[in-house]
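# Summary of structural features
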Amino acid sequence: MITQYEIVLPRFRRGFHPITGIVEDKIGDLPEKGLLNLFLRHTSAALTINENADPDVPVDMNYALNNIVPENDPGYRHTLEGPDDMPAHVKSSLLSVSVTIPVVRGRLGLGTWQGIFLCEFRNSGGSRKITATLYQ
Amino acid sequence: MITQYEIVLPRFRRGFHPITGIVEDKIGDLPEKGLLNLFLRHTSAALTINENADPDVPVDMNYALNNIVPENDPGYRHTLEGPDDMPAHVKSSLLSVSVTIPVVRGRLGLGTWQGIFLCEFRNSGGSRKITATLYQ
Amino acid sequence: MITQYEIVLPRFRRGFHPITGIVEDKIGDLPEKGLLNLFLRHTSAALTINENADPDVPVDMNYALNNIVPENDPGYRHTLEGPDDMPAHVKSSLLSVSVTIPVVRGRLGLGTWQGIFLCEFRNSGGSRKITATLYQ
């Protein structure tokens, strides 16, 4: 059985933002076992699973990604939408827009320290939408 | 219900190449809802979802990946197949060979600006093969 | 039909370690067709698919990731668990903790040169756990 949900996220500032609670609230009761795919329908943001305990981790994640994909590289051609745009596309492919999470005993099968993050790579990215597909 | 397809891509030169149309043509009619997994059976190429509108974006993606994973690093041991080979393996893991895309109302549930890309990291990579698995 | 398995990996040292055999042994007989999702329940390690033939490749992969995400960056805040910790979180998101592999004709549908790797990014990471979910 397949169920699909559209999750409309609030507008986030540039950075990594925990969204596990938003996802769980939207989907509600989960089956005993299954798989949940989250697919972000955007090209300058990403979804990732990472440490959900220390709020310094998402800050450092954003910092690290900014170092790996610097802005204002003179080699870029796609510059019309600003210096944060093309690096945002690169980061989106590095982290990816699609994550698949097991459902185990009626809950998301995340590890103790894991949470789901929306990674917003634009300075003014607007609201982002996720298609959630649940298989049971 | 599960259906599988083998998609044989044309030989692409090094770079990012849109293949959404090739994938859609191969699979044909899509169900009302489901999930499509694309799995690339190679280790020096990748699949990614990114901006499908401005043809400068895939050019800049290739440029950015070449900067993140430079060739001719004297620290590499696996160099027998040429300077583009080991960086190609690194890029393949960074972007990944497996993407899962929702099927929504009979179509691939991609966002307005999203397309599927084959990322060819070898100078002469040959034809690449994808196993497509459709769940409905 | 959905079947789930917990795979407890042996404790690996920092680096990339082939685990295809461990995964196959745990799951046993595979269906004619299906999808296998592997989800690593940790935030400083990752799963990836890459070259399984030359043992120099995993060594070079580890080397390349260490270059892309250097330790001891003075910009990091999350440093209490040691200099290898925050870079491990970054690498975990870059490579991801969730991979989906097709099952084709009763076998994992990997390409000739592909294998599954546990990427251990901590110096002393401990035993890692994977939730394997098989759809058929």
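Definitions and limits used
- Residues numbered from 1 in each chain as written.
- Chains lettered and ligands numbered in written order.
- Predicted model: local features only at pLDDT ≥ 70, side-chain atom pairs only at ≥ 80, totals over all residues.
- Heavy atoms only, no water.
- Helix = DSSP H or I, 4+ residues; strand = E, 2+ residues; numbered from the N terminus.
- Rg over C-alpha atoms; globule rule 2.2 N^0.38 Å.
- Least-squares fit on C-alpha atoms with pLDDT ≥ 70 in both.
- Contact = heavy atoms within 4.5 Å.
- Buried area = accessible area lost by both parts, 1.4 Å probe.
- Salt bridge = Lys/Arg side-chain N within 4 Å of Asp/Glu carboxyl O.
- Polar contact = N/O pair within 3.5 Å; in protein donor to acceptor, adjacent residues only side chain to side chain.
- Pairing = 2+ DSSP bridges.
- Phe/Tyr/Trp six-rings, centres within 6.5 Å; stacked < 30°, edge-to-face > 60°.
- Buried < 20%, exposed > 50% of the residue type's maximum accessible area, 1.4 Å probe, protein only.
- Axes fitted to C-alpha atoms, helices over the stretch in contact; angles between N-to-C directions.
- Disulfide = S-S within 2.5 Å.
- Core = buried A, V, L, I, M, F, W, Y, C linked by side-chain atoms within 4.5 Å.
- pLDDT = per-residue confidence, 0-100.

### Let's talk about the overall build of chain A
Helices and strands together make up the secondary structure of chain A, namely three helices and eight strands. In chain A, the order of α-helices and β-strands from amino to carboxyl end is β-β-α-β-β-α-α-β-β-β-β. Relative to the 2.2 N^0.38 estimate, which gives 14 Å for 136 residues, the radius of gyration of chain A is 16 Å and therefore close to what a compact globule would have. C-alpha atoms of chain A, sized along the principal axes, occupy 50 × 30 × 20 Å.

### Side note on the relation of the copies chain B and chain C
Each copy of the chain is related to the other by a rotation around an axis and a translation along that axis. Once turned by 120° and shifted 0.0 Å along the axis, chain B lies on chain C with an RMSD of 0.0 Å. Here the copies are linked by what is in effect a three-fold axis. Residue Leu94(B) of chain B places its C-alpha closer to the rotation axis than any other residue of that unit, at 3.3 Å. Different-surface contact between copies: only 14% of interface residues of chain B are shared with the interface of chain C.

### Side note on unusual backbone geometry
Positive phi outside glycine occurs at Ser96(A), with the angle close to 85°. With respect to the helices and strands, the residue Ser96(A) is situated in the loop between α3 (85–95) and β5 (98–104).

### What to know about the interface of chain A and chain B
Counting residues at the interface gives 28 residues for chain A, matched by 32 residues for chain B. Of the roughly 2400 Å² buried between chain A and chain B, counting both surfaces, carbon and sulfur atoms make up 61%. Counting across the chain A and chain B interface gives one salt bridge. Of the charged contacts, one joins Arg77(A) and Asp56(B) as a salt bridge, the two residues approaching to 3.8 Å between their closest N and O atoms. The interface formed by chain A and chain B contains 14 residue pairs in polar contact (both at pLDDT 80 or more). The element best represented in the side of chain A that touches chain B is α3(A), accounting for five residues.

### Some words on the relation of the copies chain A and chain B
Rotating chain A by 120° about the axis while translating it 0.0 Å along that axis superimposes it on chain B, leaving an RMSD of 0.0 Å. Take the interface residues of chain A: only 14% of them recur as interface residues in chain B, which is what a contact between different surfaces looks like.

### Some points on the interface of chain B and chain C
Taken together, the contact between chain B and chain C spans 28 residues of the former and 32 residues of the latter. Taken together, the two surfaces of chain B and chain C that pack against each other cover about 2400 Å², and 61% of this comes from carbon and sulfur. Three residues, Phe39(B), Ser93(B) and Tyr135(B), lead the burial of chain B against chain C; their summed loss comes to 22% of the area buried on that side. Connecting chain B to chain C are one salt bridge. Here chain B is connected to chain C by 14 residue pairs in polar contact (both at pLDDT 80 or more). Of all elements in the fold, only β1 (2–8), β3 (33–40), α3 (85–95), β5 (98–104) and β8 (129–135) of chain B reach the threshold of two or more residues within the side of chain B that touches chain C.

### Digging into the sheet that holds β5(A)
Residues and elements named next belong to chain A. Overall, antiparallel pairing links the five strands, which are arranged β1-β8-β3-β5-β6 in an open sheet. Only two strands of the sheet have a single partner each, and these edge strands are β1 (2–8) and β6 (107–108). In terms of strand pairing, strand β3 (residues 33–40) meets β5 through seven bridges, oriented antiparallel. When the bridges of β5 are listed, Asn-37 appears paired with Thr-100.

### A few points about the packing of aromatic side chains
Applying the stated criterion across every chain, the model contains nine aromatic pairs over all chains. Taken together, a centroid distance of 6.2 Å and an interplanar angle of 75° make the contact between Phe16(C) and Phe121(C) edge-to-face. Of this pair, Phe16(C) sits in strand β2 (residues 15–18) while Phe121(C) sits in the loop between β7 (114–120) and β8 (129–135), and the two are 105 residues apart along the sequence. The exposure class of Phe16(C) is buried, given its relative accessible area of 7%. Linked through ring pairs, Tyr135(A), Tyr135(B) and Tyr135(C) together constitute an aromatic cluster.

### A look at the sheet that holds β5(B)
Note on sheets: strands pair through backbone hydrogen bonds, and any given pair is parallel or antiparallel. All names here are of chain B. Pairing within the open sheet is antiparallel, and its five strands lie in the order β1-β8-β3-β5-β6. Whereas interior strands pair on both sides, the edge strands pair on one side only; in this sheet they are β1 and β6 (107–108). Of the strand pairs in this sheet, β3 and β8 are connected by six bridges, and their pairing is antiparallel. Residue Leu-36 lies in a different strand from β8, and its bridge partner there is Leu-134. With respect to the sheet, helix α1 (residues 20–27) is in contact with β1, β3, β6 and β8, its orientation differing from that of β1 by roughly 130°.

### Here we look at the state of the cysteines
Put plainly, two cysteines are in a disulfide when a covalent bond ties their sulfur atoms together. A complete count under the given rule lists zero disulfides over all chains for this structure. Here Cys119(A) is not cross-linked by a disulfide; its sulfur's nearest cysteine counterpart is in Cys119(C), at 18 Å.

### Let's talk about the nonpolar core
General note: in soluble globular proteins, nonpolar side chains tend to be found buried as a group. Core analysis: the largest hydrophobic core is formed by 78 residues, its most contacted members being Leu38(A), Leu38(B) and Leu38(C). Sequence-distant contacts of Leu38(A), defined by excluding residues within four places in its chain, comprise Val23(A), Leu47(A), Val97(A), Ser98(A), Val99(A), Ile101(A), Ile116(A), Ile130(A), Thr131(A) and Ala132(A). Core analysis: the next-biggest nonpolar cluster, separate from the first, contains 51 residues, Ala64(A), Ile68(A), Val69(C) and Tyr76(C) among them.

### Things to note about the environment of Gly111(C)
All names here are of chain C. Its location among the elements puts Gly-111 in the loop between β6 (107–108) and β7. Taking relative accessible area as the criterion, Gly-111 reaches 8% and is therefore assigned buried. Placed 62 residues apart in sequence, Gly-111 and Ile-49 show a C-alpha to C-alpha distance of 9.9 Å.

### Regarding the confidence of the model for chain A
When the pLDDT values of chain A are averaged, the result is 97; 100% of them are 70 or greater. Overall fold confidence (pTM) sits at 0.98, and the ipTM for the predicted complex is 0.97.

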